[in-house]
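Notes for the structure review
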Amino acid sequence: MTDPRLGLTVTHRRYVQYAHAHYGGDLVDGAYTLGLFGDVATEVAIRGDGDEGLLAGYSEVRFLAPVQAGDVLEASCEVVRVGRRSRELRCWAEVVARAEPSRGASAARVLEPPLRVVEAVATLVVPGPAATS
């Protein structure tokens, strides 16, 4: 029997504020996206296990393209393995819209297709079944 949590996918979308830029060219550090994965993993745990759980770590992280201030970033996690207390998540982040300051102070465009910027494999840990008396 297949576990109903397999394939559970959660997505959050966030505008990347200019206050998050730390580098030239309004670049945002990679930890920003990893933080978003943590938020998405929390919702995965709530939906799948009724508990916030704990994102225990990453076994793989790949930074594929830069994240910039003014981006609209979509972060997603999918449950790909269910253990007794652990869940393996496939995570990815894509820029779905990007600022274009060269066209004007508030100019931006939707990216079609979205730009994949980060991929990761994460381990989520949830409490074991409650002991019954």
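In what follows, the structure referred to is the one given above.
Presented here is a report on the structure given in the accompanying data block.

Cut-offs and rules
Residues numbered from 1 in each chain as written. Predicted model: local features only at pLDDT ≥ 70, side-chain atom pairs only at ≥ 80, totals over all residues. Heavy atoms only, no water. Pairing = 2+ DSSP bridges. Helix = DSSP H or I, 4+ residues; strand = E, 2+ residues; numbered from the N terminus. 1 Å grid on protein atoms, 1.4 Å probe; cavity = no way out; pocket = protein on both sides within 12 Å on 5 of 7 lines; lining within 4 Å. Points joined across faces, edges and corners; volume = space filled by probe spheres on them. Axes fitted to C-alpha atoms, helices over the stretch in contact; angles between N-to-C directions.

Attention shifts here to the pairing of strand 6 (residues 72-82). As judged from the 7 bridges shared by strand 1 (residues 9-15) and strand 6, these two strands associate in the antiparallel manner. Paired with Val10 across the strands is Cys77, a residue of strand 6. In this sheet, strand 7 (residues 86-99) lies alongside strand 6 in antiparallel orientation, the contact comprising 10 bridges. What sits directly across from Ser76, in strand 7, is Trp92. Hairpin remark: strand 6 followed by strand 7, antiparallel, with 3 residues in the connecting loop.

Strands pair in a sheet through their backbones, by hydrogen bonds, and they do so in one of two ways: parallel or antiparallel. Read across the sheet, 3 strands follow the order 2-3-5 without closing on themselves; strand pairing throughout is antiparallel. Both outer strands of the open sheet, strand 2 (21-23) and strand 5 (67-68), are each paired with one neighbouring strand and no more. For strand 3 (residues 27-28) and strand 5, the ladder comprises 2 bridges, and the chain directions are antiparallel. From the neighbouring strand, Val28 faces strand 5, where its bridge partner is Val67.

One pass over the structure, following the stated rule, counts 1 cavity of 30 Å³ or more. By volume, the largest cavity amounts to about 30 Å³. Arg5, Leu8, Val44, Gly48, Asp49, Val79, Arg87 and Leu124 are the residues that line the largest cavity. Considering every element that reaches the lining of the largest cavity, the biggest residue donor is helix 1 (residues 30-49), with 3 residues.

An order of 1-6-7-8-4 is seen for the 5 strands of this open sheet, with the pairing classed as antiparallel. This sheet does not close on itself; its edge strands, each paired only once, are strand 1 and strand 4 (54-63). Taking the axes of each pair of neighbouring strands and ignoring which way they run, one obtains an average angle of 25 degrees across the sheet.

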